[in-house]
Amino acid sequence: MATAKKTTKPTIQKRSKRKATSAKKTVKVKTKITKDEVEIQDVTTAEEQQQQIEKVLTARRMRVAEKAQTRATEAPPMPPEPEVEAVKITDVSGVVYDKAEYDSMVEMYDSTIKDIKEGEIVKGKVLGVTMNDVIVDVGFKSEGIIPINEFPLPVNISVGEEIEVYLEQIEDSNGQLILSKKKADFMRVWDRIRDVHDAGDTIEGNVTRRIKGGVVVDIMGVDAFLPGSQISLRQVPDFDALIGEEMTVKIIKLNKTRRNIVVSRRVVLEEEREKMRSTLLNEITVNQIRQGVVKNITDFGVFIDLGGVDGLLHITDMSWGRIRHPSEMVSLSDKIDVKILDFDEKTSRISLGLKQMTPYPWENIEEKFPIGKKVKGKVVSITDYGAFIELEKGIEGLIHISEMSWTQHIKHPSKIMNVGDVVDAVVLSVEKENEKISLGIKQMEPDPWGTIENKYPIGKVIVGKVRNLTAFGAFVELEEGIDGLVHISDMSWTKRIQHPSEVMKKGDKVEVKVIKIDHENRRISLGYKQLTDDPWPELAKKLAVGSECLGSISKVLDRGVIVDLGDDVEGFVPNAQLTTEELSNPTGVFKEGEKLPLQVIEFDRNMHKVVLSVVAYYKKREHAEFEKYMSSHPTTSNQSLAEAMPDAVRKVAEKPAETEKKAEVAPAAEVETSTEKTLSEDTPDENKQ
């Protein structure tokens, strides 16, 4: 083995020091280049990054070469290095290597160090996995560390596995490699994704997770964003239900710098629907039967997807019978067969029918339900005017409220039946054109009015219960469901009845007489006063005109008073016959219960009217009696009693005694005629009573 000279030792040390200094400078230069390269990477593409790095390295090398040349020119010339005969090389264990062995060992070490550049995809081997990082050896002098969240499935990472990573930076401030798994995956498939986007093709993806505004789809190992509005043709209620689903999407937006990929499934579905729509519109014809899917349900009908085109199935075309809401027959996503009823090529509107798939139930309806036939049906609806009965699917009949009972006064059909009840009825009429059937349930029993005269002949006296009172009379129940009316004019022969409650009360049991039966209107007229004889023939004799009587005031009216003459007989005294003074309202002047001397001045047997007068009574009496009567009934008039008296009476009172004697001799007829003329002027027309 050769031994090195001592004189070469300082020279060797000096050269090593210069090399070390140069190596340090190189490291610093690389560090600065790395920072520039990181800044460039944020704003340029990968190709531009590589060009910028090469330009910086070239500029650095040129500056270093210029500085070295300047140093060599200014520095004193170095003495020639002595020749080295031999180099003694030993390792830490003291083993001595010759030059050939050393060169072989250096060559073997260099072969383990790969020539890698920043911005490239390199292969590496997983050396270890921690909770937060994955350690990877890419064949450089130091290992790289990758955050574990960059791996889609961290649980599947195993030590010794070979993976592709992206070299972001050769050394950071700690001297470690900066690697990225996401960028490697992105760069590896970027060209393929760009080709798919440029060609407008679709690509398969898998929904991996949900994020704000949409979901993440894995495409060729990289993440792409699928907005919620681009997932389906309709709004998706639950994004979580899509996780793990495979779907075909189209790339609608790319950004390599930000590694941003946006995809759409809606575009794919719209294209498919448009193709199906074109095909369907060419094939569709009226009366054609096609299968569709229930897409939407509303109050007025159902929208059916026929394959690219929606058709409307109206609620009236869903069933021959009655349905309250379309949801009673179909549900969302149901597949049903429908019939094309109408098709508008301009607007592409399609009307569908479901009931048209079955025979028309009203065909030969007259044979199925002839008039008079007894049928049984189910109450499906109740209104104010009647109840609808379903006789069979698609056929309904109406029981009008007037056809529910012969005798009862039914206010609402719900009083005797409810929805869902099964009832027996009789067919009354059938109208096929209008799809109407009239039914009746009272016809299930005999009509009691057919034999009403046998049961309640005219003139028969019966006992009934007062069921109701009205302003014109009282309804008396003869039996359950059969009432008769006692009119207010048939309650008394003599009294002036203002309201039936003056004679009878609701709930009273009274005797009445049948006076008339109206078959057509199903009415029975009853009488209460007919239980006694008509007293007016006898009253005509008793209360003849000019006769005098005593009456008690029973009512005070604004136009006069009604007096009770006894035996339930009433008469009327007008205001002009109560006093000779002006009297607009007797209220306050005359009181109920007061007795008055009266004279009959009018008697109408047919109208049952008796008109009486106080003034006429006192005409035949002494003046002092009339004066006493007037003083007990003062009025608002300021006239004296003499001024208020009739002229004939006043003249008689003012004449001297001699005149009075002559007046007594004078025919009484003249005085009476004059008095009657005066009274006739003050007496109102009988029609005003």
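Small disclaimer: the values here were computed from a predicted structure and weren't measured.

What about the overall build of the protein chain?
Within the protein chain, the regular secondary structure consists of 14 helices and 32 strands. Out of the 689 residues belonging to the protein chain, those deemed buried represent 35%.

Overview of the side chain of S381
With respect to the secondary-structure elements, S381 resides in strand β18 (residues 374–382). Among all residues touching S381, those that are not within four sequence positions of it are R322, A387, F388 and V419.

What about the pairing of strand β17 (residues 349–353)?
When strand β15 (residues 310–314) meets β17, the two strands line up parallel, connected through two bridges. Bridged to L312 within β17 is S351. When strand β16 (residues 335–344) meets β17, the two strands line up antiparallel, connected through five bridges. When the sheet's bridge partners are listed, K339 is paired in β17 with G353. Counted along the chain from β16 to the antiparallel partner β17, the turn is four residues long, and its residue S348 has a positive phi close to 60 degrees.

Comments concerning the sheet that holds β15
One closed barrel holds the five strands; their spatial order is β13-β14-β15-β17-β16, and the pairing between them is mixed. Mean inter-strand twist for the sheet, computed between neighbouring axes without regard to direction, equals 50 degrees.

Examining the pairing of strand β3 (residues 121–129)
Here four bridges tie β3 to strand β4 (residues 133–137), and the two strands are oriented antiparallel to one another. From the neighbouring strand, K125 faces β4, where its bridge partner is D137. The turn joining β3 and β4, which pair antiparallel and follow one another in sequence, is formed by three residues.

Let's talk about unusual backbone geometry
Not every positive phi belongs to a glycine, and N287 is a case in point at roughly 75 degrees. The topology assignment puts N287 in the loop between α5 (266–283) and β13 (289–297). Looking at N287, the relative accessible area reads 51%, which means it is exposed. Phi is positive for N364, which is not a glycine, with a value near 60 degrees. A relative accessible area of 39% means that N364 is categorised as partly exposed.

Some points on helix α4 (residues 181–199)
For α4, spanning 19 residues, the distance from its first C-alpha to its last is 28 Å, which sits close to the expected 27 Å at 1.5 Å a residue. At W190, α4 shows its largest kink, close to 45 degrees. Where α4 ends, the next residue or the one after it, G200, has phi of about 75 degrees, a positive value.

Focus: a negative patch on the surface
Together, E366, E367, E431 and E433 line one region of the surface with negative charge. Among the residues examined, E367 registers a relative accessible area of 65% and is labelled exposed.

With respect to the confidence of the model for the protein chain
Detail in the predicted coordinates should be disregarded across regions flagged by low pLDDT. Averaged over every residue, the pLDDT of the protein chain is 76; residues scoring 70 or more account for 74%. The weakest mean pLDDT in the protein chain belongs to helix α14 (residues 668–682) at 37; the strongest belongs to strand β22 (residues 436–440) at 92. Per-residue pLDDT stays below 50 along residues 1–44; that stretch engages in 38 contacts with residues further than four places along the chain or on separate chains. Residue range residues 656–689 is modelled with pLDDT below 50. Its contacts to residues more than four positions away, or to other chains, number 27 contacts.

Focus on the packing of aromatic side chains
The full count for this structure, using the stated rule, is eight aromatic pairs. With centroids separated by 6.3 Å and ring planes inclined at 85 degrees, the aromatic side chains of F472 and F475 adopt a geometry described as edge-to-face. Overall, the relative accessible area of 40% leaves F472 in the partly exposed class. Summarising the aromatic geometry, the rings of Y617 and Y618 are spaced 5.3 Å apart at their centres and angled 85 degrees between planes, so their arrangement reads as edge-to-face. Look at Y617 and you get buried, because its relative accessible area is 16%. We classify Y618 as buried; its relative accessible area is 13%. It is R621 that lies over the ring of Y617; its NZ or CZ is 4.1 Å from the centre.

What to know about the pattern of salt bridges
Enumeration over the complete set of coordinates arrives at 13 salt bridges. Residues K432 and E363 are paired through a salt bridge, measuring 3.7 Å at the closest nitrogen-oxygen approach. Linking K432 in the loop between β21 (422–431) and β22 with E363 in the loop between β17 and α6 (365–368), this pair joins segments that are 69 residues apart in sequence. Exposure remark for K432: the relative accessible area of 26% places this residue in the partly exposed category. Of the residues examined, E363 reaches a relative accessible area of 41% and is grouped as partly exposed.

A few points about the side chain of K355
With respect to the element layout, K355 can be found in the loop between β17 and α6. Polar side-chain contacts of K355 include one of 2.9 Å to the backbone oxygen of T316. Excluding residues within four positions of it along the chain, K355 makes contact with T316, D317, M318, S319 and W320.

A word on the sheet that holds strand β25 (residues 482–487)
Strand order in the closed barrel made by the five strands is β23-β24-β25-β27-β26, with mixed pairing throughout. Here the strands of the sheet are splayed against their neighbours by 55 degrees on average, with no regard to which way each runs.

What counts as what
Residues numbered from 1 in each chain as written. Predicted model: local features only at pLDDT ≥ 70, side-chain atom pairs only at ≥ 80, totals over all residues. Heavy atoms only, no water. Helix = DSSP H or I, 4+ residues; strand = E, 2+ residues; numbered from the N terminus. Buried < 20%, exposed > 50% of the residue type's maximum accessible area, 1.4 Å probe, protein only. Contact = heavy atoms within 4.5 Å. Pairing = 2+ DSSP bridges. Axes fitted to C-alpha atoms, helices over the stretch in contact; angles between N-to-C directions. Expected span 1.5 Å × (residues − 1). Bend = angle between axes of the 7 residues up to and from the residue. Patch = residues over 30% accessible without salt bridge, like charges linked within 9 Å, V, L, I, M, F, W, Y side chains within 5 Å. Areas by Shrake-Rupley, 256 points an atom, 1.4 Å probe, with all protein chains shown as cover. Salt bridge = Lys/Arg side-chain N within 4 Å of Asp/Glu carboxyl O. Lys, Arg positive; Asp, Glu negative; His and termini not counted. Charge placed at Lys NZ, Arg CZ, Asp CG, Glu CD. pLDDT = per-residue confidence, 0-100. Phe/Tyr/Trp six-rings, centres within 6.5 Å; stacked < 30°, edge-to-face > 60°. Lys NZ or Arg CZ within 6 Å of the ring centre and 35° of its normal. Polar contact = N/O pair within 3.5 Å; in protein donor to acceptor, adjacent residues only side chain to side chain.

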